[in-house]
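Notes for the structure review
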Amino acid sequence: SPSSPCSVLPLLSGVTAHSFTTSRQELVLLRVGHGSDEARPVQRGDQLLLLPGPHRPQPQRGVEYEYRAVEWNDTDYEKINPIKYVPALQDGDILVSDSLAIILYLEDKYPQHLLLPQDLKRKALNLQIASIVCSSIQPLQCYAVIGLIKGKLGPDESLQIVHHYIDKGFRAIEKLLEGCDSKFATGDEVQLADVFLAPQIHAGVTRFDIDMSKYPHLERFYKAYMEIPAFQAARPENQPDAPSPPQ
Amino acid sequence: MASAEAPAARPILYSYWRSSCSHRVRIALNLKGIDYEYRAVNLLKGEQSDPEFMKLNPMKFVPALVDGDAVIGDSYAIALYLEDKYPQRPLLPQDLKKKALNIQRFIEQKVGTGESIPWVQQQIDRGFTAVENMIKGCAGKFAMGDEVQLADVFLAPQIFAAVTRYQTDMSNYPTLARLHGQYMTHPAFEAALPDRQPDAPSSG
């Protein structure tokens, strides 16, 4: 497929519902691009990345993708992805939805910068943390946000539900990580758990007024995530469909 | 399931007979022929809040698996762990497209944690509609073909719970209804059914 506009965006992190004040759910359809024949230097922030062509041996630093934003009631999107969930990845004739399934697919297909360790216990811990976020926190948070938008829940009730599920999940994760003194959740390299934790903590802090001092490990990781270009580039406010900040 | 290796301790599964998440892991263990010790956690009595259990899974959910020094909560993490640790009778295909279809989850949120029945029914409808659309063209015996795969391990308990607890009208999902029939006669799935478990209430 033709190469996308010249911008390298690193690995997707679990982008889900957008700001509820815009009453719009951000759905992302991504098309994974394939390298061109020539190596292309690409500037992204303060990082200079070199995308190799197919015969160059340099390790790839990121997976280039096309970002497509979709609105709440987009019937075209429904035809592409009948599940209507966010995000979805289209890679050739493969369509994968569900953020965890997408990331596990990417893990197999693009083995640079593996997100899961070989050690089965640490691997299981990564999957468990990811699952707590994407099964036990985010969907219930989404339920509360949608309830508010549709007028089924009042603002206090909605926020209370969000706080309840975030607190339960974050406390459980803190327990699982008791005694952890590594830079990130399961080691000194970013792994799957971090990919799921970063957006959940970000949403908690920026939208739901979560007091992160109650979760010292997560608070420490979040500060570390803020410094990583791959995470910065993935933040909601940096996406093509983010609303312009108010003047 | 016959125990094959005497020296290694059997894995221990913490389960509640009726929990569909526990049900999934029971199916996976049975399919792989893994002998395991069943330890009941009575959710109605609140045993998931016992400090000892919370050490195993601080989310206070079943299932939890203890396998040697590995302690794992969450049915998804456990299933993928079993797939790696016990490669006999693999549940995931090598082909990336088929593998991706197997690991997609359509009903993500944990049900049975206090949400209203209409909300659960809505989630079931949304998820089942999506799965039905995806697999209705599939001519195989099971969800992804003629062999049982991970998708079946996750689907079977969801369909069972939808039918037995949430009054789901399966005529809206004919493929899933057919699969339900298959699962109900497959030995590994039958042995995993809630009412076959040690902690299921005896019938009158």
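Residues numbered from 1 in each chain as written. Chains lettered and ligands numbered in written order. Predicted model: local features only at pLDDT ≥ 70, side-chain atom pairs only at ≥ 80, totals over all residues. Heavy atoms only, no water.

1. Description of the packing of aromatic side chains
Any two aromatic rings considered together are summarised by their centre-to-centre distance and by the angle between their planes. By the definition in use, this model includes 10 aromatic pairs over all chains. With a centroid separation of 6.0 Å and 5 degrees between ring planes, the pair formed by A:Phe184 and A:Tyr225 is classed as stacked. Taken as a pair, A:Phe184 in the loop between helix 4 (155-176) and helix 5 (192-207) and A:Tyr225 in helix 6 (residues 216-225) lie far apart in primary sequence, 41 residues in all. The same class applies to A:Phe184 and to A:Tyr225, which are both buried. A ring pair is formed by B:Phe128 and B:Tyr173, whose centres lie 5.4 Å apart and whose planes are at 85 degrees; its orientation type is edge-to-face. Of this pair, B:Phe128 sits in helix 5 (residues 117-135) while B:Tyr173 sits in the loop between helix 6 (150-165) and helix 7 (174-183), placing them 45 residues apart in sequence. Comparing B:Phe128 with B:Tyr173, the two get one shared label, buried. Within the aromatic cluster, the residues linked to one another by ring pairs are A:Phe184, A:Phe221, A:Tyr225 and A:Phe231. (Phe/Tyr/Trp six-rings, centres within 6.5 Å; stacked < 30°, edge-to-face > 60°. Helix = DSSP H or I, 4+ residues; strand = E, 2+ residues; numbered from the N terminus. Buried < 20%, exposed > 50% of the residue type's maximum accessible area, 1.4 Å probe, protein only.)

2. Brief notes about the pattern of salt bridges
Counted by the stated rule, this structure contains 16 salt bridges over all chains. The salt bridge involving B:Asp84 is made with A:Lys123; its shortest N-O contact spans 2.6 Å. With one member in each of two chains, B:Asp84 in helix 3 (residues 75-85) and A:Lys123 in helix 3 (residues 120-149) form a pair that bridges those chains. Across the salt bridge formed by B:Glu190 and B:Arg196, the nearest N and O atoms sit 3.9 Å from each other. (Salt bridge = Lys/Arg side-chain N within 4 Å of Asp/Glu carboxyl O.)

3. Remarks on the confidence of the model for chain A
This prediction gives chain A a mean pLDDT of 76; 74% of its residues lie at or above 70. Within chain A, the lowest mean pLDDT, 36, falls on strand 1 (residues 27-32) of chain A, and the highest, 97, falls on helix 6 of chain A. (pLDDT = per-residue confidence, 0-100.)

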